[in-house]
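The chain contents come next:
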Amino acid sequence: MLKLSNKNNIKVISIESLSQYVEELENRNDQDYLIFRGQKDDKPLLPKIARKFDIRKDYLTRGNGIQELEKELINDFKKQSVNLYKVKPTNEWEWLSLAQHHGLRTRLLDWTENPLAALWFAIKEPIDEGQYAVVWVLEYDKKDQVGADELEKTPYRIKKTRIYFPNHITTRITAQNAVFTVHGYINTNDKSHFLTLERNSTHKKKLTKFTIPADKAGDIRYNLDRCGNNYSSLFADLDGLCKHLNWDSAEVLDEKNK
């Protein structure tokens, strides 16, 4: 089922099975230039640093409060993570990638080149009855990517939202085929904010949104696991393995109790 969202005129397609999802992607003619993002909730495409959350009031009273918070977070991360990483980042882009993949609030937003991984991230947890998960698909041009010259500069001065393909400095980045959108920050006298992707005039016309109803998610999740998309494969560490084993055993118990 296809429709247009009322707010931003973005194409919306309702997905009821894994085979339908794959078929919809096969019908596109721009396969080489797509990235994907799975979300449990239909929330704006904003990086974590830009989302509403409780922060100290002194940050809010400054003109560049969020930017200052961002820099303080990454500086503290650098100081306190010295004994915790295997490969030391060599520039600010790599520091942001590492911090983002371990949950720090940054201006990066997670995407993947793997459409099945994105679908799994959208529905890896149960969805409330009557609700739906989403997978965003973004078509991009090579000119949208962070260029070699930009990689030599600081990412904190980005004004236009860009697409960043990181070096594989962690196993999670590799396992998840990770890509990031790097969100630009607008700072003027009347408004200061990070750019929301689905309201960005450059990118919103290149977005498609797949919705997955709660009552279809279980079957799709099961079939994704059969295709090798699960906690164990996408996190590629002991935590991921144990989460997968817990999920797998719960699936077996649920089947026996039917």
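Nothing here was measured: the structure is a model prediction, and the numbers come from that model.

### Regarding the overall build of the chain
Moving on, step 1. When helices and strands are tallied, the chain shows 10 helices and 10 strands.
Moving on, step 2. Across the 258 residues in the chain, those meeting the buried criterion constitute 46%.
Moving on, step 3. Long-range pairs, those at least 24 residues apart, make up 71% of the contacts in the chain between residues at least 6 apart in sequence.
Moving on, step 4. Of the roughly 14,800 Å² that the chain leaves accessible, carbon and sulfur atoms contribute 47%.

### Description of the nonpolar core
Moving on, step 1. Judged by nonpolar contacts, the single largest core of 26 residues is most densely connected at Tyr-21, Leu-119, Ile-123, Val-135, Phe-210 and Ile-212.
Moving on, step 2. If you list the elements that add at least two residues to this core, you get helix 1 (18-26), strand 3 (34-39), helix 5 (115-123), strand 5 (132-139), strand 10 (207-213), helix 8 (214-226) and helix 9 (231-235).
Moving on, step 3. If one sorts the elements of this core by residue count, helix 5 sits on top with six residues.
Moving on, step 4. Not counting chain neighbours up to four residues away, the residues in contact with Val-135 comprise Tyr-21, Arg-37, Gly-38, Ala-118, Leu-119, Ala-122, Thr-208, Lys-209, Phe-210 and Ile-212.

### Description of the pattern of salt bridges
Moving on, step 1. Enumeration according to the criterion identifies eight salt bridges in this entry.
Moving on, step 2. A salt bridge links Lys-78 to Glu-92, with the nearest nitrogen and oxygen atoms 2.3 Å apart. Remark: Glu-92 occurs in helix 4 (residues 92-101) and Lys-78 occurs in helix 3 (residues 65-80); sequence separation between them is 14 residues.
Moving on, step 3. Among the charged side chains, a network of salt bridges with common partners joins Lys-40, Lys-124 and Glu-125.

### Details of the pairing of strand 7 (residues 178-182)
Moving on, step 1. By the criterion of burial, strand 7 is predominantly enclosed, with five of the five residues buried.
Moving on, step 2. Side-chain alternation along strand 7 places Ala-178, Phe-180 and Val-182 on one buried face and Val-179 and Thr-181 on a second face that is also buried.
Moving on, step 3. Relative to strand 7, strand 4 (residues 108-112) runs antiparallel, the two sharing five bridges. When the bridges of strand 7 are listed, Leu-109 appears paired with Thr-181.
Moving on, step 4. As judged from the three bridges shared by strand 6 (residues 162-164) and strand 7, these two strands associate in the antiparallel manner. Note that in strand 7 the partner of Arg-162 across the bridge is Val-182.

### Notes on the packing of helix 1 against helix 5
Moving on, step 1. For the pair helix 1 and helix 5, interaxial distance at closest approach is 11 Å and the crossing angle is 135°. Accordingly, the angle class assigned to the pair helix 1 and helix 5 is oblique. As helix 1 packs across helix 5, the resulting crossing turns out to be right-handed. Only Pro-115, Leu-116 and Leu-119 of helix 5 make contact with helix 1, whose side of the interface consists of Leu-18, Tyr-21, Val-22 and Leu-25.
Moving on, step 2. Across the contact of helix 1 with helix 5, the residue classes break down as seven nonpolar, no polar and no charged.

### Remarks on the confidence of the model for the chain
Moving on, step 1. Mean pLDDT over the chain stands at 85; residues scoring 70 or higher make up 86%.
Moving on, step 2. Taken together, the stretch residues 56-63 has pLDDT below 50 and engages in 10 contacts with residues farther than four places along the chain or on a different chain.

### Regarding the environment of Leu-98
Moving on, step 1. Looking at the secondary structure, you find Leu-98 in helix 4.
Moving on, step 2. For Leu-98, a relative accessible area of 6% gives the class buried.
Moving on, step 3. Note: C-alpha distance between Leu-98 and Ile-169 (71 residues apart in sequence) is 7.5 Å.
Moving on, step 4. When near neighbours in sequence (up to four residues on either side) are disregarded, Leu-98 contacts Phe-77, Tyr-85, Pro-89, Ile-169 and Thr-170.

Basis of the calculations
Residues numbered from 1 in each chain as written. Predicted model: local features only at pLDDT ≥ 70, side-chain atom pairs only at ≥ 80, totals over all residues. Heavy atoms only, no water. Helix = DSSP H or I, 4+ residues; strand = E, 2+ residues; numbered from the N terminus. Buried < 20%, exposed > 50% of the residue type's maximum accessible area, 1.4 Å probe, protein only. Contact = heavy atoms within 4.5 Å. Areas by Shrake-Rupley, 256 points an atom, 1.4 Å probe, with all protein chains shown as cover. Core = buried A, V, L, I, M, F, W, Y, C linked by side-chain atoms within 4.5 Å. Salt bridge = Lys/Arg side-chain N within 4 Å of Asp/Glu carboxyl O. Pairing = 2+ DSSP bridges. Axes fitted to C-alpha atoms, helices over the stretch in contact; angles between N-to-C directions. Parallel < 35°, antiparallel > 145°, perpendicular 65-115°, else oblique. Left-handed = near helix turned anticlockwise from the far one by under 90°. Nonpolar A, V, L, I, M, F, W, Y, C, P; charged D, E, K, R; others polar. pLDDT = per-residue confidence, 0-100.

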